[in-house]
Amino acid sequence: MSWRQNAAKPQGIGGKLFVNKMNSGAHAELSKWGLSFLTLENYSDILEIGCGGGANVAKLLAGCPNGHVTGIDYSDVSIKTSQKVNAEAIKAGRCRIEQENVRDLSFADESFDLATAFETIYFWPEIEDSFAQVARVLKKDGTFFICNETDGEDPEGYQWEKEIEGMKIYKAEEVLDALKQAGFSEISVEREPQSHWICFTAKK
(Lines give C-alpha, C1' and ligand atoms only; values in the text may rest on other atoms or scores of the structure.)
Protein backbone atom coordinates (compact mmCIF):
# COMPACT_ATOMS: atom_id res chain seq x y z
CA MET A 1 0.00 0.00 0.00
CA SER A 2 1.34 3.45 -0.90
CA TRP A 3 1.92 6.07 1.80
CA ARG A 4 -0.86 8.26 0.43
CA GLN A 5 -3.40 5.43 0.60
CA ASN A 6 -3.41 6.07 4.36
CA ALA A 7 -5.47 9.18 3.59
CA ALA A 8 -8.39 6.88 2.84
CA LYS A 9 -7.91 4.41 5.71
CA PRO A 10 -4.80 4.65 7.92
CA GLN A 11 -3.31 1.24 8.66
CA GLY A 12 -0.24 -0.13 10.41
CA ILE A 13 2.86 1.87 11.32
CA GLY A 14 2.53 4.03 8.21
CA GLY A 15 -1.03 4.85 9.21
CA LYS A 16 0.05 5.91 12.70
CA LEU A 17 2.64 8.25 11.24
CA PHE A 18 0.09 9.59 8.77
CA VAL A 19 -2.58 10.51 11.35
CA ASN A 20 0.05 12.16 13.56
CA LYS A 21 1.18 14.22 10.56
CA MET A 22 -2.46 15.14 9.86
CA ASN A 23 -2.83 16.48 13.39
CA SER A 24 0.07 18.90 13.07
CA GLY A 25 0.49 19.66 9.35
CA ALA A 26 -1.44 21.46 6.62
CA HIS A 27 -4.65 19.80 7.79
CA ALA A 28 -4.44 21.92 10.96
CA GLU A 29 -4.47 25.14 8.93
CA LEU A 30 -7.44 24.00 6.87
CA SER A 31 -9.47 23.05 9.94
CA LYS A 32 -8.64 26.39 11.60
CA TRP A 33 -9.95 28.20 8.53
CA GLY A 34 -13.06 26.04 8.33
CA LEU A 35 -13.93 26.29 12.02
CA SER A 36 -13.89 30.09 11.75
CA PHE A 37 -17.29 29.78 10.02
CA LEU A 38 -18.90 27.96 12.96
CA THR A 39 -20.07 29.34 16.31
CA LEU A 40 -19.36 26.19 18.28
CA GLU A 41 -20.83 27.36 21.58
CA ASN A 42 -24.25 27.20 19.91
CA TYR A 43 -24.01 23.40 19.77
CA SER A 44 -24.23 20.83 22.54
CA ASP A 45 -24.05 17.44 20.75
CA ILE A 46 -21.48 17.26 17.95
CA LEU A 47 -20.61 14.39 15.63
CA GLU A 48 -17.17 14.55 13.98
CA ILE A 49 -17.17 12.14 11.02
CA GLY A 50 -13.81 10.77 9.89
CA CYS A 51 -12.08 11.99 13.04
CA GLY A 52 -8.63 10.78 11.95
CA GLY A 53 -6.03 11.56 14.59
CA GLY A 54 -8.50 13.41 16.81
CA ALA A 55 -7.12 16.94 16.50
CA ASN A 56 -10.43 18.33 15.25
CA VAL A 57 -12.30 16.53 18.03
CA ALA A 58 -10.10 18.43 20.49
CA LYS A 59 -10.80 21.74 18.74
CA LEU A 60 -14.54 21.08 18.77
CA LEU A 61 -14.41 20.26 22.49
CA ALA A 62 -12.51 23.49 23.18
CA GLY A 63 -15.07 25.48 21.19
CA CYS A 64 -18.10 24.08 23.05
CA PRO A 65 -16.88 23.80 26.67
CA ASN A 66 -20.32 22.69 27.89
CA GLY A 67 -20.98 20.30 25.01
CA HIS A 68 -20.25 16.71 24.05
CA VAL A 69 -18.35 15.49 20.97
CA THR A 70 -18.55 12.05 19.38
CA GLY A 71 -15.76 11.23 16.96
CA ILE A 72 -16.12 8.37 14.48
CA ASP A 73 -13.85 6.71 11.95
CA TYR A 74 -13.64 3.33 10.27
CA SER A 75 -9.88 2.99 10.77
CA ASP A 76 -8.60 1.17 13.87
CA VAL A 77 -5.46 3.30 13.80
CA SER A 78 -7.45 6.54 13.72
CA ILE A 79 -9.70 5.41 16.56
CA LYS A 80 -6.79 4.53 18.85
CA THR A 81 -4.91 7.75 18.08
CA SER A 82 -8.00 9.91 18.55
CA GLN A 83 -8.79 8.20 21.85
CA LYS A 84 -5.28 8.92 23.06
CA VAL A 85 -5.38 12.57 21.99
CA ASN A 86 -8.74 13.10 23.71
CA ALA A 87 -8.23 10.82 26.71
CA GLU A 88 -8.99 13.53 29.30
CA ALA A 89 -12.28 14.53 27.69
CA ILE A 90 -13.29 10.86 27.37
CA LYS A 91 -12.56 10.31 31.06
CA ALA A 92 -14.60 13.42 31.93
CA GLY A 93 -17.58 12.08 29.97
CA ARG A 94 -17.46 14.88 27.38
CA CYS A 95 -16.28 12.76 24.47
CA ARG A 96 -16.51 9.32 22.94
CA ILE A 97 -14.63 7.87 19.98
CA GLU A 98 -16.25 4.98 18.13
CA GLN A 99 -15.63 2.87 15.05
CA GLU A 100 -18.46 3.55 12.57
CA ASN A 101 -19.15 3.63 8.85
CA VAL A 102 -20.95 6.76 7.68
CA ARG A 103 -23.12 4.71 5.31
CA ASP A 104 -24.62 2.76 8.22
CA LEU A 105 -24.54 4.90 11.35
CA SER A 106 -25.71 3.15 14.52
CA PHE A 107 -26.92 6.32 16.26
CA ALA A 108 -30.60 7.02 16.87
CA ASP A 109 -32.51 9.54 14.78
CA GLU A 110 -32.01 13.19 15.78
CA SER A 111 -29.04 12.55 18.09
CA PHE A 112 -26.83 15.54 17.19
CA ASP A 113 -27.21 19.24 16.47
CA LEU A 114 -23.96 19.53 14.46
CA ALA A 115 -22.11 17.06 12.24
CA THR A 116 -18.70 17.93 10.80
CA ALA A 117 -16.71 16.30 8.02
CA PHE A 118 -13.19 17.57 7.37
CA GLU A 119 -11.42 16.22 4.28
CA THR A 120 -13.34 12.97 4.35
CA ILE A 121 -16.28 13.00 1.93
CA TYR A 122 -13.79 12.20 -0.87
CA PHE A 123 -13.80 8.64 0.48
CA TRP A 124 -17.54 8.17 1.03
CA PRO A 125 -19.03 5.72 -1.49
CA GLU A 126 -22.57 6.51 -2.65
CA ILE A 127 -22.33 10.00 -1.23
CA GLU A 128 -26.07 10.71 -1.43
CA ASP A 129 -26.80 7.73 0.84
CA SER A 130 -24.10 8.83 3.28
CA PHE A 131 -25.49 12.37 3.39
CA ALA A 132 -28.95 10.91 4.06
CA GLN A 133 -27.51 9.03 7.05
CA VAL A 134 -26.06 12.29 8.39
CA ALA A 135 -29.43 13.98 7.94
CA ARG A 136 -31.13 11.14 9.84
CA VAL A 137 -28.96 11.51 12.95
CA LEU A 138 -29.18 15.32 12.99
CA LYS A 139 -31.84 17.04 15.06
CA LYS A 140 -34.40 19.31 13.41
CA ASP A 141 -32.59 22.51 12.34
CA GLY A 142 -29.27 20.70 12.86
CA THR A 143 -26.18 21.70 10.87
CA PHE A 144 -23.97 19.64 8.57
CA PHE A 145 -20.56 21.23 7.99
CA ILE A 146 -18.20 19.97 5.26
CA CYS A 147 -14.66 21.26 4.75
CA ASN A 148 -12.59 20.12 1.74
CA GLU A 149 -9.01 20.84 0.78
CA THR A 150 -9.90 21.09 -2.90
CA ASP A 151 -12.94 22.61 -4.60
CA GLY A 152 -12.62 20.51 -7.74
CA GLU A 153 -11.46 23.52 -9.77
CA ASP A 154 -7.74 22.88 -9.31
CA PRO A 155 -6.39 20.39 -11.90
CA GLU A 156 -3.64 19.34 -9.48
CA GLY A 157 -6.27 18.08 -7.03
CA TYR A 158 -7.27 15.32 -9.43
CA GLN A 159 -3.80 13.82 -9.17
CA TRP A 160 -4.88 12.51 -5.76
CA GLU A 161 -7.60 10.43 -7.42
CA LYS A 162 -4.92 8.63 -9.41
CA GLU A 163 -2.76 7.96 -6.36
CA ILE A 164 -5.42 7.03 -3.78
CA GLU A 165 -7.77 4.17 -4.56
CA GLY A 166 -11.42 4.99 -3.91
CA MET A 167 -10.93 8.77 -3.74
CA LYS A 168 -13.35 11.08 -5.54
CA ILE A 169 -12.83 14.84 -5.95
CA TYR A 170 -16.10 16.76 -6.02
CA LYS A 171 -16.93 20.11 -7.57
CA ALA A 172 -19.11 22.46 -5.54
CA GLU A 173 -22.17 21.79 -7.70
CA GLU A 174 -21.92 18.04 -7.08
CA VAL A 175 -21.79 18.49 -3.30
CA LEU A 176 -24.68 20.96 -3.38
CA ASP A 177 -26.81 18.55 -5.43
CA ALA A 178 -26.08 15.66 -3.03
CA LEU A 179 -26.94 17.81 0.00
CA LYS A 180 -30.24 18.88 -1.51
CA GLN A 181 -31.09 15.27 -2.42
CA ALA A 182 -30.51 14.30 1.21
CA GLY A 183 -32.96 16.97 2.37
CA PHE A 184 -30.62 19.76 3.42
CA SER A 185 -31.45 23.42 2.80
CA GLU A 186 -30.11 26.90 3.61
CA ILE A 187 -26.75 25.86 2.19
CA SER A 188 -23.92 28.38 2.25
CA VAL A 189 -20.52 28.00 0.58
CA GLU A 190 -17.22 29.60 1.60
CA ARG A 191 -14.07 29.51 -0.52
CA GLU A 192 -10.39 30.30 -0.19
CA PRO A 193 -9.58 30.85 -3.89
CA GLN A 194 -5.80 30.87 -3.64
CA SER A 195 -5.60 27.43 -2.02
CA HIS A 196 -8.89 26.09 -3.48
CA TRP A 197 -10.22 25.31 0.00
CA ILE A 198 -14.00 25.11 0.26
CA CYS A 199 -16.59 24.50 2.96
CA PHE A 200 -20.36 23.99 3.03
CA THR A 201 -22.79 24.75 5.85
CA ALA A 202 -26.19 23.09 5.43
CA LYS A 203 -29.29 23.06 7.61
CA LYS A 204 -31.57 20.06 8.01
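In short, a report on the structure. As the structure is a prediction and not an experimental result, all values here were calculated from the model.

Describing the nonpolar core
Ranked by internal contacts, the top residues of the largest apolar core, which has 30 residues, are Ile121, Trp124, Phe131, Val134, Phe144, Leu179 and Phe184. Here Phe144 is in contact with Ala115, Ala117, Trp124, Phe131, Val134, Leu138, Leu179, Phe184, Phe200, Thr201 and Ala202, once residues within four sequence places are set aside. Listed in part, the 23 residues of the second largest apolar core include Leu38, Ile46, Ile97 and Leu114.

Details of the environment of Glu98
Mapped onto the elements of the fold, Glu98 is located in strand S3 (residues 95-99). Put simply, Glu98 and Tyr74 are 24 residues apart on the chain and 8.4 Å apart in space, counted from C-alpha to C-alpha. Ignoring sequence-local partners within four residues, the contact set of Glu98 consists of Gly71, Ile72, Asp73, Ile79 and Phe107. One polar contact links Glu98 to Arg96, side chain to side chain, over a distance of 3.2 Å.

Comments concerning the packing of aromatic side chains
Counted by the stated rule, this structure contains 9 aromatic pairs. Ring centres of Phe118 and Phe145 lie 5.8 Å apart, and the angle between their planes is 55 degrees; on these two criteria the pair is classed as tilted. A residue pair is termed long-range when its members are at least 10 positions apart, and Phe118 in strand S4 (residues 112-118) and Phe145 in strand S5 (residues 138-148) qualify at 27 residues. In terms of burial, Phe118 and Phe145 fall into one category: buried. Ring geometry for Phe131 versus Phe144: centroids 5.4 Å apart, planes at 85 degrees, classification edge-to-face. Of this pair, Phe131 sits in helix H6 (residues 127-137) while Phe144 sits in strand S5, placing them 13 residues apart in sequence. Here Phe131 matches Phe144 in class, with each residue buried. In textbook terms, an aromatic cluster arises when at least three aromatic residues are bridged by ring pairs, as seen for Trp124, Phe131, Phe144 and Phe184.

Comments concerning unusual backbone geometry
In the Ramachandran plot, Glu119 falls in the positive-phi region, its phi being about 50 degrees despite a non-glycine side chain. Position of Glu119 among the secondary structure elements: in the loop between S4 and H6. Look at Glu119 and you get buried, because its relative accessible area is 13%. Within the chain, Asp141 stands out as a residue other than glycine whose phi angle is a positive 70 degrees. Assignment of secondary structure puts Asp141 in strand S5. A relative accessible area of 52% means that Asp141 is categorised as exposed.

Cut-offs applied
Residues numbered from 1 in each chain as written. Predicted model: local features only at pLDDT ≥ 70, side-chain atom pairs only at ≥ 80, totals over all residues. Heavy atoms only, no water. Core = buried A, V, L, I, M, F, W, Y, C linked by side-chain atoms within 4.5 Å. Buried < 20%, exposed > 50% of the residue type's maximum accessible area, 1.4 Å probe, protein only. Contact = heavy atoms within 4.5 Å. Helix = DSSP H or I, 4+ residues; strand = E, 2+ residues; numbered from the N terminus. Polar contact = N/O pair within 3.5 Å; in protein donor to acceptor, adjacent residues only side chain to side chain. Phe/Tyr/Trp six-rings, centres within 6.5 Å; stacked < 30°, edge-to-face > 60°.

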